[in-house]
Amino acid sequence: MEKSLVALAAALAIGAVGSIAAYAISKMAGKAFDSMARQPEVASRVQTSLTIAIVFIETCAIYALVVSLLLVFVF
Amino acid sequence: MVVGKAVLSGFSRIFFNRLWEHLKPGGRDLGETIRSSIDFSPIWTIRVGKLSIPVTGAMVSLVVSALILIVLGVWLRRGLRKHKISGKQALAEKLYLVVINLSESFGMNRRQAETVLPWTLTLGLYIFVSNAIAVVQLPAAAMNPAVPFSLALFAVALIIVMGIRLLGLKGFWYSLIDPIPGLLPFNLLDYLIKPVSLALRLFGNVFGGFILLQFVKTVVPLIFPSILGLWFDVAAGLLQAVIFMYLTTSYIGEVVEKSNNTLERIAQKRQLSEEKV
């Protein structure tokens, strides 16, 4: 019983954070490509800041991954 | 002759039995495999007199990757020329220019970028090789959480030392009191949060990739793991190394930029007070 609850908690943690992070990245990338298409001359600068922002969002998802891995393997 | 044949057949039987056990679908317990791989106890201990040094799997991978990098560096360094450059020199120059351009895009000038480059490029290459070494079945170094944490602490020390070296103590102090002096505690807090986020990012990515690969090895032991391994070990390792280097460079650039902002603000204030007089 307890083991299954832990598994459920891990799945919820990574599932919720992963879906939200994927949504955020998709929204941001869409906007960035939009602005690149409008102004191709600033494309490289947009790309740089896009990469940094994606890394920061991905970090949140990786925190969730670490938490759920700890849940699964420590408890 | 007969004895040789018997030995050979016995050997081949044992070999194929082992191979079949290794390749049998579902033949391994996933939880057991992962639990044994997150056991970070030392493999063996080196004794020097009374001192005993424990050696873990991560240390072996780190030493091997350092040796690979030394050989690579010596090989790239040999036979540099001004005209009619060889292919490997073009590769080295390209790598150099990419990192220089990266540093310059974060607000450093050429001289500052050339000071920072050896450190950040070494950090990036080291992380890449120590992750990609998992292809030859050595444990990826970043799987042991101590490794990414120590690398991140080194990166933060590098940021502080480079900030002081490029800008002087006064310039570094200016970077801490941007935009207003009241934000000093938060700027200091930044130096605690940065290493944690750098380390957890590297550790989570490598560890997550490892677990997924173990899962695939359990379910489909043939062909698939080696193809996926190329992605999770080499490509993801390269991506994480580039991100680590990128962020370290951007943090150093941030220090330079903040210091410049404060200098500008001080100059503006002085101009305003002079106009009043």
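Structure shown above.
Attention here is on the structure that accompanies the text.

### A look at the overall build of chain B
- Looking only at helices and strands, chain B has eight helices and two strands in total.
- Along the chain direction, N to C, the helices and strands of chain B fall in the order α-α-β-β-α-α-α-α-α-α.
- The C-alpha radius of gyration of chain B comes to 25 Å, more than 25% above the 19 Å expected for a compact globule of 277 residues.
- Judged by the C-alpha coordinates and their principal axes, chain B covers about 110 × 50 × 45 Å.
- The burial tally for chain B puts 37% of its 277 residues in the buried class.
- Sequence-distant contacts, at least 24 apart, represent 72% of the contacts inside chain B between residues at least 6 apart.
- When the accessible surface of chain B is totalled, it reaches about 16900 Å², and 70% of it is carbon and sulfur.

### Notes on the environment of isoleucine 62 of chain A
- Considering the arrangement of structural elements, one finds isoleucine 62 of chain A in helix α2 (residues 43–74).
- Along the sequence, isoleucine 62 of chain A and glycine 18 of chain A sit 44 residues apart, while their C-alpha atoms lie 8.7 Å from each other.
- Apart from the residues lying within four places of it in its own chain, the contact partners of isoleucine 62 of chain A are Leu200, Arg201, Gly204 and Asn205 of chain B.

### Focus on the packing of aromatic side chains
All names here are of chain B.
- For the coordinates displayed, the defined rule picks out six aromatic pairs over all chains.
- With centroids separated by 5.3 Å and ring planes inclined at 15 degrees, the aromatic side chains of phenylalanine 203 and phenylalanine 207 adopt a geometry described as stacked. Of this pair, phenylalanine 203 and phenylalanine 207 both sit in helix α7 (residues 184–219), four residues apart, which is roughly one turn of the helix.
- Note on phenylalanine 203: relative accessible area 13%, which makes it buried.
- Between phenylalanine 207 and phenylalanine 210, the ring centres sit 6.5 Å apart and the planes meet at 25 degrees, which makes this aromatic pair stacked. Placement of the pair is phenylalanine 207 and phenylalanine 210 together in helix α7, with a separation of three residues, close to one helical turn.
- Overall, phenylalanine 210 belongs to the buried group, its relative accessible area being 17%.

Reading guide: rules and limits
- Throughout this description, residue numbers start from 1 for each chain and increase along the sequence as written.
- Just so you know, chain letters begin at A and ligand numbers begin at 1, following the order they were written in.
- Whole-chain, interface and lining totals are the exception, using all residues; otherwise, since this is a predicted model, local features are given only for residues with pLDDT of at least 70 and side-chain atom pairs are given and counted only at 80 or more.
- With hydrogens and water stripped out, all remaining heavy atoms of the structure feed into the side-chain values.
- Segments assigned H or I by DSSP are reported as helices when at least four residues long, segments assigned E as strands when at least two residues long, and all are numbered from the N terminus.
- Here the globule rule is a power law, 2.2 Å times the number of residues to the power 0.38, and the radius of gyration is based on C-alpha atoms.
- Burial here depends on accessible area, computed with a 1.4 Å probe over protein chains only, as a share of the maximum for the residue type. Under 20% is buried, over 50% is exposed, and the range in between is partly exposed.
- Here a residue-residue contact requires only that any non-hydrogen atoms of the pair lie within 4.5 Å.
- Areas reported here follow the Shrake-Rupley algorithm with a probe of radius 1.4 Å; residue values treat only the protein chains shown as occluding.
- Only Phe, Tyr and Trp rings take part, Trp by its six-membered ring, and two of them pair if their centres are within 6.5 Å. Stacked means planes under 30 degrees apart, edge-to-face means over 60, and tilted covers everything else.

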